[in-house]
Amino acid sequence: MTEAEVWKALAGVPDPEIPVISVVDLGVVRAVRVEDGHVHVEFTPTFLGCPALEAMRSQMAERIAELGAEPEVEVVLDDSWSTDRITPEGREKLRRAGFAPPTPRSPEGPQLVQLQANGFRCPYCGSRETTLENIFGPTPCRSLRYCRDCRQPFEQFKTI
Amino acid sequence: MQARAELLLEIADDELILGWRDSEWTGVAPLLEEDVAFSSIAQNEIGHARALYELAARDLGTSADELAFDRRPEEYRCSELVDRRLPEWERTIARHVLYERADAERLERLKASEDDEVAGLAAKIDREEAYHRLHAEMWHERLKEEPRYRAALEELRPLVDRRDGHSPDLTALWEEMTSVRRSQPAGTTW
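Note on numbering: residues in each chain are counted from 1, in written sequence order. The lettering of chains begins at A and the numbering of ligands begins at 1, in the order of writing. In keeping with the model being predicted, local features are shown solely for residues with a pLDDT of at least 70 and side-chain atom pairs are shown and tallied solely at 80 or more, while totals for entire chains, interfaces and linings include all residues.

A. Local environment of the sheet that holds strand S4 (residues 99-100) of chain A. Residue and element names in this part refer to chain A. Two strands form a pair only when DSSP identifies at least two bridges running between them. What counts as a helix is a DSSP run of H or I of at least four residues, what counts as a strand is a run of E of at least two, and both are numbered from the N terminus. Spatially, S4-S7-S6-S5 is the arrangement adopted by the four strands of the open sheet, whose pairing is mixed. The sheet is open, and its two borders are formed by S4 and strand S5 (130-134), each paired with just one other strand. Bridge count for S5 against strand S6 (residues 142-147) is four bridges, and the pairing is antiparallel. Following the sheet pairing, Thr130 is matched in S6 by Cys147.

Below you can see the structure in the form of structure tokens.
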């Protein structure tokens with residue numbers, strides 16, 4: 001078995017809460033190592049309180065087992081994951097599903113004045129005439145915004 | 001107990017108990033947006049507690065659940081700031097502001113730690129806490145001239161660094177938090 005085969009299998013594991021995007025699109029698979037029938041995967045959680053983490057971890061282990069290998073999914077609790085690791089394909093899949101993808105991370109982190117300003121694009125009509133409704137949303141990774149042009153509320157991925 | 005585990009437990013207990021307190025606003029906050037905000041913040045804090053307990057559990061040869069739920073209330077090392085039940089909005093916001101400010105300083109110190117595991121986890125937690133700080137400071141701006149809010153800040157400020165004892169509120173919370181777990185033999189799965 002090759003590492004490429006493992007990556008391909010993992011690309012078929014959806015995020016349980018946003019199934020349009022895979023764990024590979026999300027950028028949470030940091031490394032894959034194949035050694036003597038064992039597959040070692042380094043997995044970096046998105047938000048630490050995200051209930052999808054356990055499901056992602058067990059589904060990755062299942063897919064690897066289906067390839068006939070012994071899975072070892074190591075959870076890496078450092079800050080190596082950020083929303084900048086979501087792939088361009090992943091961002092496009094999010095946008096098509098009605099979630100505004102995260103903006104690029106700035107060195108000083110999120111600022112209220114930026115969140116309250118225009119510049120966040122509506123995933124439905126593309127307008128930048130959007131307002132912040134709530135920093136927090138239905139899951140830890142999302143904020144709520146409203147588009148003044150198409151009058152549609154939408155979910156904006158938080159930048160972390 | 002090892003110094004690292006002791007430090008991790010202190011922070012984990014703060015985040016776990018604060019997470020429970022924040023969740024008490026689910027469904028009853030003065031604004032729908034705040035129902036969502038405090039529920040989401042609670043979820044994050046409990047997620048941070050879990051990661052911190054897992055690291056401490058590895059040092060101590062136990063599990064995160066045992067550390068979180070199988071100790072006696074008097075063994076928790078959390079600040080007195082988080083153990084109080086605060087059913088008044090202005091006191092909750094005052095606690096939120098005081099906690100997030102103190103936590104930001106603590107995370108800055110931990111991020112500079114020579115222990116890579118501690119520094120890495122602190123940096124990860126800090127990325128999420130940045131949003132809690134924005135929310136806390138937004139409310140501080142809104143309420144800062146309100147006498148009730150200012151009085152709450154003065155009342156609660158001395159509790160931030162008090163960790164020698166707990167109010168009876170913590171025992172009541174502990175009873176609730178651990179009741180399901182205590183009702184069944186250890187290791188029961190649902």
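So, next bit.
B. Broad picture of the sheet that holds strand S2 (residues 38-43) of chain A. All names here are of chain A. Taken in spatial order, the three strands of this open sheet run S1-S2-S3, and their pairing is mixed. Each edge of the open sheet carries a strand with a single partner, namely strand S1 (29-35) and strand S3 (70-75). Within this sheet the neighbouring strands show an average axis-to-axis angle of 15°, counted without direction. Pairing of S2 with S3 involves six bridges; the strand directions are parallel. By the bridge assignment, Glu42 is partnered in S3 with Glu74. Each residue is represented by a C-beta atom placed from its backbone, and any two residues with such atoms within 7 Å are regarded as in contact. Axis definition: a line fitted to C-alpha atoms, limited for helices to the stretch in contact. Angles are taken between N-to-C directions and run from 0 to 180 degrees. The strands touched by helix H1 (residues 3-10) within the sheet are S1 and S2, with S1 carrying the most contacts at an inclination of about 135°. Helix-sheet contacts for helix H3 (residues 52-66) involve S2 and S3, and the interaxial angle to S3 is about 155°.

C. Structural context of helix H8 (residues 168-182) of chain B. All names here are of chain B. The span one expects for a helix is its residue count, reduced by one, times 1.5 Å. In a regular helix each residue adds 1.5 Å, so 15 residues correspond to 21 Å; H8 covers 19 Å between its end C-alpha atoms and thus fits that length. Helix geometry: H8 is bent most strongly at Glu176, by close to 30°. Taken together, the buried positions of H8 are occupied by Leu170, Leu173 and Trp174. In this fold, the buried residues of H8 make contact with helix H1 (3-23) and helix H4 (80-83). Two axes define the bend at a residue: one fitted to the seven residues ending there, one fitted to the seven starting there, and the bend is the angle between them. Three classes are used. A residue is buried when 20 or more other C-beta atoms lie within 10 Å of its own, exposed when 12 or fewer do, and partly exposed in between, with C-beta atoms placed from the backbone.

D. Structural context of the interface of chain B and chain A. Taken residue by residue, the interface counts 23 residues in chain B and 17 residues in chain A. When residues of the side of chain B that touches chain A are traced back to their parent elements, those giving at least two are helix H2 (32-60) and helix H6 (116-143) of chain B. The leading source of residues in the side of chain B that touches chain A is H6(B), at twelve residues. Among the residues making up the side of chain B that touches chain A, the classes are represented as eleven nonpolar, seven polar and five charged. Each residue receives one of three labels: charged for Asp, Glu, Lys and Arg, nonpolar for Ala, Val, Leu, Ile, Met, Phe, Trp, Tyr, Cys and Pro, and polar for the others, Gly being one of them.

E. Spatial organisation of the nonpolar core. For this entry, the nonpolar core is defined as buried Ala, Val, Leu, Ile, Met, Phe, Trp, Tyr and Cys residues connected by C-beta atoms within 7 Å. Formed by 82 residues in total, the largest nonpolar core has its most connected members in Val23(A), Ala12(B), Leu52(B) and Ala56(B). Take this core: its biggest share by element is twelve residues, from H2(B). Ignoring any residue separated from it by four or fewer positions in sequence, one finds Val23(A) in contact with Leu10(A), Val13(A), Asp15(A), Val28(A), Val29(A), Met56(A) and Met60(A).

Keep in mind these values describe shape, not function.
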